Structure formats: structure tokens, C-alpha cells
Amino acid sequence: MAANTEKNVSKAKAKGNLISSFVVGARSGLKMSLNNMAPNVLFAFALIQILNLSGLSDLISKICGPIMGIFGLPGIAATVVVTALLSTGGGIGAAASLALSGDINGGHAAVLLVGIMTFGSCLQYMGRVLGPADVDGKHYPILVASDILCGFLAMIVMNLIMGF
């Protein structure tokens, strides 16, 4: 896919037409968002709905409430954290779904957004980046733990900034 994009960009540059370059870039960006981001966001929306309909969201809230309280968040926000570790787009979709259902407010969403961006699809990139780079598997737990620690620290700082 990258080779095709580079070929299209070089064709547009060869023509020297700014509008052609813009259109090629827009098509490439749209294709990327439809193929990579949309499925993750839709999965997150579906996951939250399944949790709500099955009653598991109440159980998650009770179990995770004390931990998420450290960040000034309700317990159900743990679903966003887990989803964000799998996919940034999924984490955003989960947070949006919780906000739409009234389970979190704007302040909660702000704290979660910092965490989502810091976690940054940790598990997804392990397979995409660390595997092909031949990083020894014994280092994965340390890398994941540091990523999670940084995400939680960022959420604590955001919570302090928000003044919860």
C-alpha cells in the first residue's frame, strides 16, 4: 500500500499540480481511516453496548471503581483503558460510547483521552513493530509495563490539572 501511495504522490508531483497532490493525499487518508480506524471504533461501540446490555458494565464498575477512583474516574472507565491498550481508535470509540450513554462526563473524557493517547495501541504495536524488529520477547513485559505506567501517570497529572 505504501508503494502505491508513493507512486501516486510522485505522479502528482511530476504533474506539478497542487490540487492533484491534495486529492491523492485525501484519497490515501480516507482509505487508511476506513481500513484501519473505523473497524476499531465500531468494535469499541459494540463492546460497550454488549457490556451494558449484559449487565457486565455494572460488575466492571464495582470491581474497578476503587482503582479508577485514583484518576477521578468511575469504574466503568476501565473498559476504555483496556480498549485503548488494544487500539487507540477503539479507546476513543469506547470513551465516546460511555459519554453518549452518560456514564462519563467531559472531564472524565479529558482524563481518559490523555491515557488513550499515551497507551497508544500498546499491544497492537508490539506485533507490528517489535516482532519485525526482532526484539527479544523477554523484553515485552517491561516495555508494556512502562507504557502502562506512563499512561496512568499522565492520567493522574491530567486529573490534577482538571481539579477533580
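Data block above holds the structure.
Keep in mind the model is a prediction, meaning the values are calculated, not measured.

Basis of the calculations
Residues numbered from 1 in each chain as written. Predicted model: local features only at pLDDT ≥ 70, side-chain atom pairs only at ≥ 80, totals over all residues. Heavy atoms only, no water. Buried < 20%, exposed > 50% of the residue type's maximum accessible area, 1.4 Å probe, protein only. Helix = DSSP H or I, 4+ residues; strand = E, 2+ residues; numbered from the N terminus. Arc of directions from axis to C-beta. Contact = heavy atoms within 4.5 Å. Patch = residues over 30% accessible without salt bridge, like charges linked within 9 Å, V, L, I, M, F, W, Y side chains within 5 Å. Areas by Shrake-Rupley, 256 points an atom, 1.4 Å probe, with all protein chains shown as cover. Salt bridge = Lys/Arg side-chain N within 4 Å of Asp/Glu carboxyl O. Axes fitted to C-alpha atoms, helices over the stretch in contact; angles between N-to-C directions. Parallel < 35°, antiparallel > 145°, perpendicular 65-115°, else oblique. Left-handed = near helix turned anticlockwise from the far one by under 90°. Nonpolar A, V, L, I, M, F, W, Y, C, P; charged D, E, K, R; others polar. Phe/Tyr/Trp six-rings, centres within 6.5 Å; stacked < 30°, edge-to-face > 60°.

(A) Highlighting helix α7 (residues 122-130). Taken together, the buried positions of α7 are occupied by Cys122, Met126 and Leu130. What you see down the axis of α7 is that its buried residues fit within an arc of 60°, all on one side. Facing away from the buried surface of α7 by more than 90 degrees, the exposed residues are Gly127 and Arg128. Buried residues along α7 sit against α4 (78-86), α6 (106-119) and α8 (140-162).

(B) Spatial organisation of a nonpolar patch on the surface. Residues Ile67, Ile70, Leu149, Leu153, Ile156 and Leu160 make up a contiguous nonpolar surface patch of roughly 600 Å² in combined accessible area. Broken down by element, the nonpolar patch gets its largest block of residues, 4 residues, from α8.

(C) Quick look at the packing of α7 against α8. Interhelical geometry of α7 versus α8 gives an angle of 140° and a closest axis separation of 11 Å. With respect to α8, the element α7 is oriented oblique. The two elements α7 and α8 meet at a crossing, and its hand is right-handed. Mapping the contact onto sequence places Cys122, Leu123, Met126 and Leu130 in α7 and Tyr140, Leu143, Val144 and Asp147 in α8. Taken together, the residues of the contact of α7 with α8 sort by class into 7 nonpolar, no polar and 1 charged.

(D) Fine view of the packing of aromatic side chains. Applying the stated rule across the entire model yields 2 aromatic pairs. Judged by centre distance (5.0 Å) and plane angle (15°), the rings of Phe71 and Phe152 are stacked. Taken together, the residues span a long stretch of sequence, with Phe71 in the loop between α3 (56-69) and α4 and Phe152 in helix α8 at a distance of 81 residues. What makes Phe71 buried here is its relative accessible area of 5%. Taking relative accessible area as the criterion, Phe152 reaches 25% and is therefore assigned partly exposed.

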